[in-house]
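Secondary and tertiary structure notes
Letter by letter, the chains look like this.
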Amino acid sequence: MDLDVFVTAHRAEWDRLDHLLRRGRHLTGAEADELVALYQRTATHLSLVQSSAPDPALTARLTQLVARARAVVTGTRRAGWRDAVNFLTAGFPAAVYRSRHWWIPTAVLSTLVAALIGWWIGAHPEVQSAIGAPEELRRLTRPGGEYETYYSSHPAASFAAQVWTNNAQAAAMCLTLGAFLCVPVIWILFLNMLNLGVGIGLMSSAGRLDVFLGLVLPHGLLELTAVFVAAGTGLRLGWTVIDPGPQTRRSALAERGRAALGMAIGLALVLFVSGLIEGFVTPSGLPTWARITIGVVAEAAFLAYVYILGGRAARAGDLGDVEEPDRSAELPTAA
């Protein structure tokens, strides 16, 4: 394509679109129709320039024109309570449900890794010696030791807030760093499973695994599920970079990235609940069976929420993405 000829042929249309956009709301009906037509043609021109003769200055100008025109044509709207309700009852659970083929295998494999690490440490005294001196390990694992007092070492409210902040940051990192070919997500997962495995191994070697699980399970079921969902979504995002499927890579990343952003908000709420359990239930004087029951009920409620509400929304076509009017316009691809 001869860029100079192309610009000469269409500059008047772009100038006219710019003029109509500057007039804002003071357009007649005919001028509004003209603006829409010019917007569509300019979007096509931008696609042609990007695919056939990419020129930075011209691309920047046309991109700005298309963005301004789209804002005028589609309008803007403010998010309201209806959007929040739709997100919580359809968008978020649908996104989690649709990514289940990623986070469920992630959960299974990660749990196996933690169990194997725990067995390896528990069955090999030399590994325990490499972790710490005998006195240090006794201080961790004895009755009233650091593994037990950890959950009651701070006031419940501040401890719950601290736990929530740390877990939300870990989940957000999994969601956002997945685009870097999955590597950061795998590392974050491994560190989490390593910490869990060390606790399992040391407490089992001290004959107190039941105490450890009684402390971890009440909040850990829901907390780890949220981390696994975030990690699975991050891995899915990373795989999209490698294999976007039938979509263009940019389009596929945009769709899954928007869904991941929404999931970060939803998972922050889930982790808030697990933080409350960890801050108020885990260190409480309730019997172990009662604390574990609370954790199991919270986990079952979340899974039912995902599979019932999320499954229904997903089957109805909800992608967990933002509403159609709020998505970036996709430009036509030149043949």
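Cut-offs and rules
- Residues numbered from 1 in each chain as written.
- Predicted model: local features only at pLDDT ≥ 70, side-chain atom pairs only at ≥ 80, totals over all residues.
- Heavy atoms only, no water.
- Phe/Tyr/Trp six-rings, centres within 6.5 Å; stacked < 30°, edge-to-face > 60°.
- Lys NZ or Arg CZ within 6 Å of the ring centre and 35° of its normal.
- UniProt positions renumbered as here; feature names shortened; annotations may be inferred.
- Helix = DSSP H or I, 4+ residues; strand = E, 2+ residues; numbered from the N terminus.
- Core = buried A, V, L, I, M, F, W, Y, C linked by side-chain atoms within 4.5 Å.
- Buried < 20%, exposed > 50% of the residue type's maximum accessible area, 1.4 Å probe, protein only.
- Contact = heavy atoms within 4.5 Å.
- Salt bridge = Lys/Arg side-chain N within 4 Å of Asp/Glu carboxyl O.
- Axes fitted to C-alpha atoms, helices over the stretch in contact; angles between N-to-C directions.
- Parallel < 35°, antiparallel > 145°, perpendicular 65-115°, else oblique.

For the protein, the name recorded in an unreviewed UniProt entry is Stage II sporulation protein M, with Streptomyces peucetius as its organism.

1. Section: the packing of aromatic side chains
Within the structure shown, the criterion is met by 7 aromatic pairs. By the ring-pair criterion, three or more aromatic residues cluster together here, those being Phe-87, Phe-92, Phe-302 and Tyr-305. For Arg-100, the ring lying beneath its charged end belongs to Tyr-97, and the centroid distance is 3.9 Å.

2. Describing the UniProt feature "transmembrane region" (unreviewed entry) in the protein
Here, the residues flagged by UniProt with the feature "transmembrane region" (unreviewed entry) are residues 102-121, 170-191, 211-238, 259-277 and 289-309. Between the first and last C-alpha atoms of residues 102-121 the distance is 29 Å; the span itself is 100% helix and 0% strand. End-to-end, the C-alpha atoms of residues 259-277 are 27 Å apart, and along that stretch the chain is 100% helix and 0% strand.

3. Remarks on the nonpolar core
When a protein is soluble and globular, its nonpolar side chains tend to lie buried together. Phe-92, Val-96, Phe-212, Leu-267 and Phe-302 are the most contacted members of the largest nonpolar core, which totals 48 residues. Sorting the residues of this core by element identifies helix H4 (81-98), helix H5 (100-123), helix H9 (156-177), helix H10 (183-205), helix H11 (209-242), helix H12 (249-281) and helix H13 (288-315) as the ones contributing at least two each. Looking at which element gives the most residues to this core, the answer is H11, with 11 residues. With sequence-adjacent residues up to four places away left out, Phe-92 is seen in contact with Phe-87, Gly-262, Met-263, Gly-266, Leu-267, Val-270, Phe-302 and Tyr-305. Membership of the second largest hydrophobic core comes to 17 residues, among which are Phe-6, Trp-14, Leu-17 and Ala-69.

4. Here we look at the pattern of salt bridges
Under the defined criterion, the tally for this structure stands at 9 salt bridges. Ionic pairing is found between Arg-41 and Glu-13, a salt bridge with its closest N-O pair at 2.7 Å. You can see Arg-41 sitting in helix H2 (residues 29-52) and its partner Glu-13 sitting in helix H1 (residues 3-23), a full 28 residues away along the chain. Among the residues examined, Arg-41 registers a relative accessible area of 38% and is labelled partly exposed. As a salt-bridge pair, Arg-61 and Asp-15 come within 2.6 Å of each other at their nearest N and O atoms. With Arg-61 in helix H3 (residues 56-74) and Asp-15 in helix H1, the pair connects residues that are 46 residues apart, well separated along the chain. Put simply, Asp-18, Arg-22 and Arg-68 are held in one network by salt bridges that share partners.

5. Re the side chain of Thr-59
Tracing the backbone through its elements, the reader meets Thr-59 in helix H3. With a relative accessible area of 17%, Thr-59 lands in the buried category. Apart from the residues within four sequence positions on either side, Thr-59 is in contact with Leu-46, Val-49 and Gln-50.

6. A closer look at the environment of His-219
Structurally, His-219 is set in helix H11. Taking the relative accessible area as the measure of exposure, His-219 reaches 3% and is therefore buried. Apart from residues lying up to four places away in sequence, His-219 is in contact with Tyr-151, Ser-274, Ile-277, Glu-278 and Thr-282.

7. Digging into the packing of H4 against H12
Helix-helix packing is characterised by the crossing angle of the two axes and by the distance between the axes. It is at 10 Å that the axes of H4 and H12 come closest, and there the two elements cross at 105 degrees. Classified by the angle between their axes, H4 and H12 sit roughly perpendicular to one another. Of the residues in H12, those touching H4 at Phe-87, Leu-88, Phe-92, Ala-95 and Val-96 are Gly-262, Met-263, Ile-265, Gly-266, Leu-267, Leu-269 and Val-270.

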